[in-house]
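# Architecture at a glance
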Amino acid sequence: MMRKQQQQQQPRTLFQRGPQRGPNTLQILVLLAIMVAIGPAWLLRQWDADENWVMNLLIIVLPRLMDTPVEHYFGKPQSDQLARIQIMRDQMELLVSSERTLRFAMGDVIADASYGPNATRVATFKMPVVGKGSFPDGDDDGGGDRHFVEVTCTCPHDATADDVLPIIFFFHSGGMIAGSVNAELNKARYLAQKVEAVVCSPEYRLAPEHPYPAGLDDCIDSSLALLSNEAQMHLILEALGISGIDTRRVGTFGYSAGGYLSALVARELTAAGHNLALQVSLVPMAQPHGGGTSSMFEHWYAPVWNGPFNMLAWSLYLSEDTDGSLALHHLINLLVDPPDEDTIRRLPPAYVQINTKDVLRDEGERYANRLREQGKLLRLDEYNTNHVGGSGLLAWGGGPGENAFEDAVKVVVHHFIELEPC
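What you see is a predicted model, and the numbers here were worked out from it, not measured in a lab.

What follows deals with the pairing of strand E5 (residues 244-255). For E5, the tally of buried residues reaches ten of twelve residues, placing the bulk of the element in the interior. Both strand E3 (residues 164-171) and E5 contribute to a ladder of seven bridges, which runs parallel. The residue bridging Phe169 from the neighbouring strand is Thr252, located in E5. Bridge count for E5 against strand E6 (residues 278-282) is five bridges, and the pairing is parallel. Residue Thr252 lies in a different strand from E6, and its bridge partner there is Gln279. With helix H10 (residues 257-271) bridging E5 and its parallel neighbour E6, the resulting β-α-β unit is right-handed.

On to helix H14 (residues 361-373), then. When the terminal C-alpha atoms of H14 are compared, their 19 Å separation across 13 residues agrees well with the 18 Å that a helix rising 1.5 Å per residue should span. For H14, the set of buried residues is Arg361, Asp362, Glu363, Gly364, Tyr367, Ala368 and Leu371. Once H14 ends, the next one or two residues include Gly375, with phi positive near 75 degrees.

What follows is about the pairing of strand E7 (residues 350-355). Working note: regular strand, side chains alternate between the two faces of the sheet. Across the six residues of E7, six count as buried, placing the element largely inside the fold. Residue alternation in E7 divides its side chains into two sets, Ala350, Val352 and Ile354 and Tyr351, Gln353 and Asn355, and both sets are buried. Where E6 and E7 come together, four bridges link them in parallel fashion. Among the inter-strand pairings, Gln279 is bridged to a residue of E7, identified as Ala350. Inspection of the sheet shows E7 paired to strand E8 (residues 377-383) by six bridges, in the parallel sense. The residue bridging Ala350 from the neighbouring strand is Leu377, located in E8.

What follows is about the packing of helix H7 (residues 181-195) against helix H15 (residues 404-418). As a packed pair, H7 and H15 sit with axes 9 Å apart at the nearest point and diverge in direction by 40 degrees. Judged by the angle between their axes, H7 and H15 are oblique. In the packing of H7 onto H15, the handedness of the crossing is right-handed. Residue-level inspection shows Lys187, Tyr190, Leu191, Lys194 and Val195 of H7 in contact with H15, the latter providing Phe405, Glu406, Val409, Val412, Val413, Phe416 and Ile417. Classifying every residue of the contact of H7 with H15 gives nine nonpolar, no polar and three charged.

Conventions used here
Throughout this document, residue positions are counted from 1 along each chain, in the order its sequence is written. Where local features are concerned, this predicted model is filtered to residues with pLDDT of at least 70; where side-chain atom pairs are given and counted, the filter is 80 or more; whole-chain, interface and lining totals use all residues. For side-chain calculations, the full set of non-hydrogen atoms in the structure is used, while hydrogens and water are omitted. The rule is simple: take the accessible area with a 1.4 Å probe, protein chains only, and divide by the maximum for that residue type; under 20% is buried, over 50% is exposed, in between is partly exposed. Numbering of helices and strands starts at the N terminus; helices are DSSP runs of H or I of at least 4 residues and strands are runs of E of at least 2. What makes two strands pair is DSSP finding at least two bridges between them. When the strands point away from the viewer, a crossover counts as right-handed if the path from the first strand over the helix to the second runs clockwise. Expected span of a helix: the number of residues minus one, times 1.5 Å. Axis definition: a line fit to C-alpha positions, over the contact stretch in the case of helices; interaxial angles, taken between N-to-C directions, run 0 to 180 degrees. Should an angle fall under 35 degrees it is taken as roughly parallel, and over 145 as roughly antiparallel, whereas 65 to 115 is taken as roughly perpendicular and any remaining angle as oblique. In this scheme, a crossing is called left-handed if the near helix is turned counterclockwise away from the far one by less than a right angle; it is called right-handed if the turn is clockwise. The contact criterion used is simple: two residues touch if any of their non-hydrogen atoms lie within 4.5 Å. Here the term charged refers only to Asp, Glu, Lys and Arg, the term nonpolar to Ala, Val, Leu, Ile, Met, Phe, Trp, Tyr, Cys and Pro, and the term polar to all other amino acids, Gly among them.

The following block contains the structure:
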């Protein structure tokens, strides 16, 4: 009897089984909780050999939160398409809606250029422009497209009234159908801080409300106006509190659709007689509709930006291209050279990034190879991640592409500061 009482008094661990009993309810619940907590993370880790699991988790969740599957766009009236696109545009603003969300999405290094004692100066202008037109025949009926383009410029917080700074034209992403200056102003401000430059970003018009050539014209015309119009330049210099712009150090910079615009604006500024120091095109939309590349089919169903969305963006942007001829024009297709050989000769060196798991990988590589043949490729870098995992919307990455944006900034620093002209 005494031995039986001693056995009953011994403490039992949670998973210790009695002589005739199986697991109790509490034990089963604890095991289920462990499986629910650890199981998905373990499966995700096994699936992702590159240890980019945080990014992959986000890009799986984000499209579900946005609730805009691409099937909701095709074959729908333009009003329905626009309503869905507006949801996507609003979602792109969420990550920069406050200091807290910006620090979470981009990290403290980039956020510090927008908040805190080192935040850059910012000034926004409604710039009047007279469009020269980007139509293939070059004919703007003599009157031009007279309108205003809102341009936001930023410079380092400690710039003085005696400073003459370089200027970089920064173009936001979004497939020519979404995005905004505000959504990527944090990157523009970080670029201005690190390069010690004025960075200007135009709020260009978007499709489907404004198909080609509206958005491209806004970028070209505002850049030309800023460099050529002394009155506009004076307003910007006065608002930012600096002395002048160093026209020997002019560059263009952009990601995805912004990389496409960066290349085209560099072509047009060069054709207009301006000598640029550098062009930066990060994972650019180089070829209309993707051109049937291997990467387009390999990553057709990739999260966030995939084959169907790429096709949709181009179809809305080129909605007035009834015969397909625009797809082969040099102000649309980066693989088609400008017609003027002197412009090609005077183009600036170009830095290009591509991402291995991106639908745009092959067309970006083709564009880089074309630049190499012309002697204009500064460097091509490839990152083993998806479209938004490198220099994209979620630039902090948490994986193999987390340093992509910083790498691009370092290239600009090298050309604009370390190789400063005498």
